[in-house]
Structure formats: structure tokens, C-alpha cells
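# Structural characterization, general
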Amino acid sequence: MMNGTWKVDARDGKLAMAHIYVAFVALALGGLAGLLQVLVRSGKFELPAGISYYTILTTHGVLLGLVLTTFFIIGFQFAAVSRTAGTLSDRVRFWGWVGFWLMTIGTAITAFYILIGEASVLYTFYAPLQAHAGFYIGLTLVVVGSWISGFAMFAHYAKWKKAHPGQVSPLLTFMPVVNMVLWLICSLGVAATVLFQLIPWSLGYVDRINVLVSRTLFWYFGHPLVYFWLLPAYMIWYAIIPKIIGGKMFSDSLARMSFILFLIFSIPVGFHHQLVEPGIDPAWKYLQVVLTFMVVIPSLMTAFSMFATFEMYGRSKGATGLFGWLRKLPWGDARFFAPFIGMLFFIPAGAGGLVNASHQLNQVVHNTIWVTGHFHLTLATTVVLTFFGAAYWLIPHLTGRVMTKAMNRLAIIQTIVWSIGMIFMSSAMHFAGLLGAPRRSAFSTYGDAPQALEWIPYQIAQAVGGTILFIGIILVLIIVTNLAFFAPKGETEFPVAEVAEQAERTPLVFENWKLWIGIAVVLILIAYTVPFIDMIQNAPPGSKGFKLW
Ligand code: HAS
Ligand code: CU
């Protein structure tokens, strides 16, 4: 079943492609918004027709942070479970389509309210900023749709397990299941604040909102959200890249263990986004920072595992010396090159994350554009370049086409353009942030204050980088359109790696869901119960809604 010619069923392919189309449309529109932002922030450009900077910024964050990611991930995961656990049943596929349409309709509703200027509350929609209720209702549909798709994947997994008693499930089915369990547990938090706080408040049923509770529920969701984005990139690194380079996976067990560690540790850590927030006892912040450092471990395991895979492969091809194996890697293959550059960027990106998570250092960088620099390395480079690299084989596999040499070359150029653009933009953001430049802010010289004037060269570098990145977006859209509609017909492999011979057999314990979900729930209760009770018992009167745009 693990052979290279195994194909995703055409009907499952359609479901996956539907998600992928929406993802890339979101990339096109969200990328355009991003271009406008860096131009505005350079101070050399003003938005026409009285459009608000914050409307554009909300469009950008929602389309790229929430829509591109969620749609690509669910599409990719449907393809992955179909490829490795067999064709979806009609029922599972039907529910997959229900999920898709709910998410798409929800996205359209949310986008409508953002574009008419009724919801310029940014992608984190922090209270007391108040959007039109339609914004929150649209987002609710997106989340409910994603739950339905998650349950469809669980049902597919359960069917496989039933047909294969006592066997370890395929890695690329196990991993999507972990990711959807993670997503399900964490999105309960955002569902709670949206349904019980934000919607009644925006409809005027209640006048005031408990801001701290709503932000806490948001970050209970918001941090695992970033791992929901990251884990599909890790699926590609662990289970697909080794096959693309012609090697083997270092260890199946290690990959599963790192995913389980993400499931356990990625939720009880939301306070690291609230370290400067009053109303949370420092002891509880401390506990959640410790847990944040725990969730770094599976990323370090991943780094180790990737190095091991590359080195094992290089040495099997006769490489010598400490780094000789680097020369044996297939640099000319965009399916490898784009994700590899993503890995490389994750080294400084992850280091920046450790800075953010350190309570004292967070005082320096919080709410500065440093943080924006951080997530443009993690999400907009590491994760996104990996997704691009996957699209280069996934789309032709699903549409029955092949990538031409010319398109592969363009994809290599795309990766280089992206890297250059991001080095300019993200470095400038990090430096400007250290000098105190705020995030979530339109261009402002604060009455030509000397400190604000120091930021300007960096904001111009940001604009240069952002413009280069926009060219990168145009290039990837050209490639994706070609692969979906114009590339020559043919067979493209959906690569799935095999495990190295010397690796240990995978134990079944990784699929003891009661155990892992149980531990996750216990840690969540330990990390959140007392501070949450505090927040409710000592609640201030609450805030009315504000529309500051
Ligand atoms: Fe983060 C803020 C801490 C990872 C995304 N983060 C954000 C926000 C986003 C985001 C979107 O503690 C902004 C939210 C907002 O709007 O306010 N982050 C961390 C930590 C990690 C981390 C500790 N973040 C991510 C990932 C993201 C992401 C992943 C998206 C995908 N982050 C924070 C904190 C804040 C924050 C605070 C709040 C800041 C504030 O004050 O507001 C860790 O998970 C990072 C661990 C990663 C590593 C790197 C391992 C390296 C690997 C690559 C190996 C390379 C190879 C190739 C094999 C330790 C795996 C090598 C080859 C050669 C030849 C060299
Ligand atoms: Cu976080």
C-alpha cells in the first residue's frame, strides 16, 4: 500500500482541490492587502478612497492567517488520509463537502463585513474592539465546518483501525488525526468567547464584555492554532521529504512521539501571549512559560530528525566529512528546495519564539513589530514555503498533470525571491521592534518625535521586502495556476517515505487516545482553572464596545 504509484481517488482529489483553490485565492487577495500595508507604513503612500489601514490589515490577517492556512491544511489532510488509509467512503466524503461549504460560506460572510468596513478588528478580534455580529457569525461557520471535516477524518481513521486490528495506523493518517484532535480541543476556547461573549455583545443583548476572559479564551485557542499550522508542515518534513530526496525516514516512532508531545503541551500555554496583561497572577504566567519551553522540545526533536534523515541519505551516497552530506541533497528539485529553505528559516524563527516566551524579554518586544517579524518567519516562511513545496506535487497529482522543468525552475526562483523579500522585511521588523516601533499601527511619526524618526529607514526596508514578497506571490500563483489547469497531462507521484531499516518498530501506545487526550485535559485544567476562576471572581464591570476605525 505504501508504493509510489498509489493514487488518491479522483473524487477525494476533487474535495482536496476545492480546499486548495480557496486557499490560493485567499493568498492572492491577502497578499495584495499586505503589499498595500507595507507601502502605507513606509510613509510614502496613502490608501485611496478613504479606505482604512485597519480594514486592509484585518483582510490580510484573516485571509492569510486563518483562511489560507485552514483550507490548505484540511485539503492536504484529506488527500493524505485518502492516500495512506484508502479511498474515503461516500459518507465521509459527503461530510467533507459539508465542512468545505460551511467554511466557504462562513469565509464569504466574514469577508463581506470586513470589506464594507464593519469589522476592522484585526485577525485576533480583541475585545473591546467590536465588529458587526456578521463577522463573528461567519467565523463560527468556519470553525463548525472545520469540526465536521475533522470528524470525517476521525471516522475514516476509525474504519481503518477496525479493518486492521492491532496494527499501527499509517503515519500520514495518524498525524492528521492528531492535528484535528488538537484543533478540536483548542477551538472550543474561541467558540466559547465568540458564542457566549462576542456575539451577544455585538448584537446588543448585553452591554459590556469581560475583556480579560475573552482574551484568555482567545489565546487558549490562539497558541495551539499556530501548531495547527505548523504540524502539517512537519507532516511534510517527516513523512514526505525523505522520499523526495530518495532517502528513508529516520524514525517513525520519533515522529509520532513529537506529535503527541504537541498534543499534550501546546494548549496550556496561552498566557505567553498575555505576559504583560494585568489580572493574571505571575505564578500562573510562570507555569505556562515553563510549559511553553516544554513544547519547544518536539520542535528540537524534529530538527534532530531532519538532520539525521539528510545526513543518513548523504552518507549512503558516499558523502564524507562533517557536512559533506549537504552537497548530496537535490537542490534543483523545488519539492525539496522550498521546504528546506523553510526549515532553515525556522532556526532564527524558533529562537525568536524563545525570546518572546521569556517573561523579561517579552516586556521589550510585546506589541512591537518584532512580533510581526516573528510570525512572518514562522508562519509566512517556514510553514508557507513548505506548503508551496507540497503544492508542487500535490496539485499535479490531484489534477492528473506533471510539473514541467520550466515550472520547477520558476518554483526555485520563487523560493529565492521569497527568501530575499523576507530577509529584508522580517529583519527590518525585528530591528524596528527592538527600537520600540509598535505593531498593529498605521504609519505614524508621532509628531516627528526623534524616536519615531529612527524607525523610518526600517519601515522603508520593510516596504522593499514586502514588494519583493508580492512578486513572490505572483510567481507562486502562476505556478499553481499552471499546475491546476495548463501543465501537460500525466502521472505525478504522491511521495510517502518508508522508515529506515535500523529504526525500532513503532509501538501501539501512540494511539492510546484516552491516555494522551486525558493528559492534555489534565494539564489544561491545571494551567487554567485557578486563574480563570480569579478572572471571573474579580471581574471589573466590563467594557462597552469600541469602533476606533
Ligand atoms: Fe510564536 C507570537 C513564542 C513558534 C506564530 N507566534 C506569535 C504570533 C504568531 C506566532 C502568529 O512566547 C503573533 C500572535 C499575535 O498576533 O499576537 N512561538 C513561540 C515559541 C515558539 C513559537 C516559543 N509561533 C511559532 C510558530 C508559529 C508562530 C511555529 C506559526 C506557525 N510566539 C511566541 C510568543 C509570542 C508569539 C511568546 C507572543 C509575543 C507577544 O508578546 O505578543 C516555538 O514553538 C518555536 C520552537 C522552534 C524551534 C526551532 C527548531 C528548528 C527546526 C528547523 C531545523 C532545520 C533543519 C535544516 C533541519 C526551537 C525544526 C537545517 C539545515 C542546515 C544546513 C542548517
Ligand atoms: Cu504562542
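To be clear, the structure that these remarks concern was listed above.
Scope of this entry: the structure provided in the associated data block. Everything numeric here is computed off the predicted structure, so don't read it as measured data. (Residues numbered from 1 in each chain as written. Chains lettered and ligands numbered in written order. Predicted model: local features only at pLDDT ≥ 70, side-chain atom pairs only at ≥ 80, totals over all residues. Heavy atoms only, no water.)

## A few points about the site of ligand 1
For clarity, the threshold we go by: In this text, near means that some heavy atom of the residue lies within 4 Å of the molecule or strand in question. Polar contact criterion, stated in full: a pair of N or O atoms within 3.5 Å, where within protein one must be able to donate a hydrogen and the other to accept it, and residues adjacent in sequence count only if both atoms are side-chain atoms. In this text, helices come from DSSP runs of H or I with a minimum length of four residues, and strands from runs of E with a minimum of two, each type numbered from the N-terminal end. Classification convention: Asp, Glu, Lys, Arg as charged; Ala, Val, Leu, Ile, Met, Phe, Trp, Tyr, Cys, Pro as nonpolar; all other residues, Gly among them, as polar.
In the vicinity of ligand 1 there are 38 residues, among which Tyr123, Tyr227, His366, His374 and Arg439 approach most closely. Here an oxygen atom of ligand 1 and a side-chain polar atom of Tyr227 are 2.5 Å apart. Take His366: an N or O atom from its side chain is 2.6 Å from an oxygen atom of ligand 1. At the level of elements, helix H6 (211–239), helix H10 (297–316), helix H11 (334–357) and helix H13 (369–399) are the ones that each hand at least two residues to the shell around ligand 1. Of the residues forming the shell around ligand 1, the biggest block, nine residues, is contributed by H11. Considering only residue class, the shell around ligand 1 consists of 24 nonpolar, twelve polar and two charged.

## Details of the coordination of the iron atom of ligand 1
Test applied: Ligating atoms shown are N, O and S within 2.8 Å of the metal, or 3.2 Å for Na, K and Ca, and water is not included, meaning a site may look less than complete.
One donor from the polypeptide reaches the iron atom of ligand 1: His374 (NE2), at 2.2 Å. The metal-metal distance between the iron atom of ligand 1 and the copper ion (ligand 2) comes to 4.5 Å.

## What about the environment of Val92?
Which entries qualify depends on this criterion: What makes two residues a contact is simply this: any of their non-hydrogen atoms within 4.5 Å.
The residue Val92 is located in helix H3 (residues 90–115) in this model. Considering only alpha carbons, one finds Val92 and Ala442, 350 residues apart in sequence, at a separation of 46 Å. Residues within four places of Val92 in sequence aside, it is in contact with Ala152, Ala155 and His156.

## A few points about the side chain of Glu511
The residue Glu511 is located in the loop between helix H16 (456–486) and helix H17 (513–537) in this model. The residues touching Glu511, leaving out its near neighbours within four places in the chain, are Tyr157, Lys161, Gln167, Val168, Ser169, Phe174, Arg256 and Trp516.

## Thoughts on the coordination of the copper ion (ligand 2)
Note the cut-off: Exposure is judged per residue with a 1.4 Å probe applied to protein chains only, and the accessible area is read against the type maximum: over 50% gives exposed, under 20% gives buried, and values in between give partly exposed.
Distances from the copper ion (ligand 2) to its protein donors, namely His223 (ND1), His272 (NE2) and His273 (NE2), fall within the range 1.8 to 2.1 Å. Expressed as a motif, the donor residue spacing for the copper ion (ligand 2) is H-x48-H-H. Of the residues examined, His223 reaches a relative accessible area of 6% and is grouped as buried. Judged by relative accessible area, His273 falls into the partly exposed class, the value being 22%.

## As for the pattern of salt bridges
Pairing is possible between side chains that carry opposite charge, provided their charged atoms lie close to one another. This is how it is decided: Throughout this description, the term salt bridge denotes a Lys or Arg side-chain nitrogen within 4 Å of a carboxyl oxygen of Asp or Glu.
Taken as a whole and assessed by the stated rule, the structure comprises 13 salt bridges. A salt bridge links Asp90 to Arg11; the nearest nitrogen and oxygen atoms lie 3.8 Å apart. On the criterion of sequence distance, the pair formed by Asp90 in helix H3 and Arg11 in helix H1 (residues 10–41) is long-range, its members being 79 residues apart. Its relative accessible area of 53% is what places Asp90 among the exposed residues. Judged by relative accessible area, which is 44%, Arg11 ranks as partly exposed. Residues Asp207 and Lys544 are paired through a salt bridge, measuring 3.4 Å at the closest nitrogen-oxygen approach. Here Asp207 is found in the loop between helix H5 (171–202) and H6, whereas its partner Lys544 is found in the segment after H17, with 337 residues between them in sequence. Lys544 sits in the partly exposed class, given a relative accessible area of 41%. What emerges from the salt-bridge pattern is a single network uniting Asp9, Arg11, Asp12, Asp90 and Arg93.

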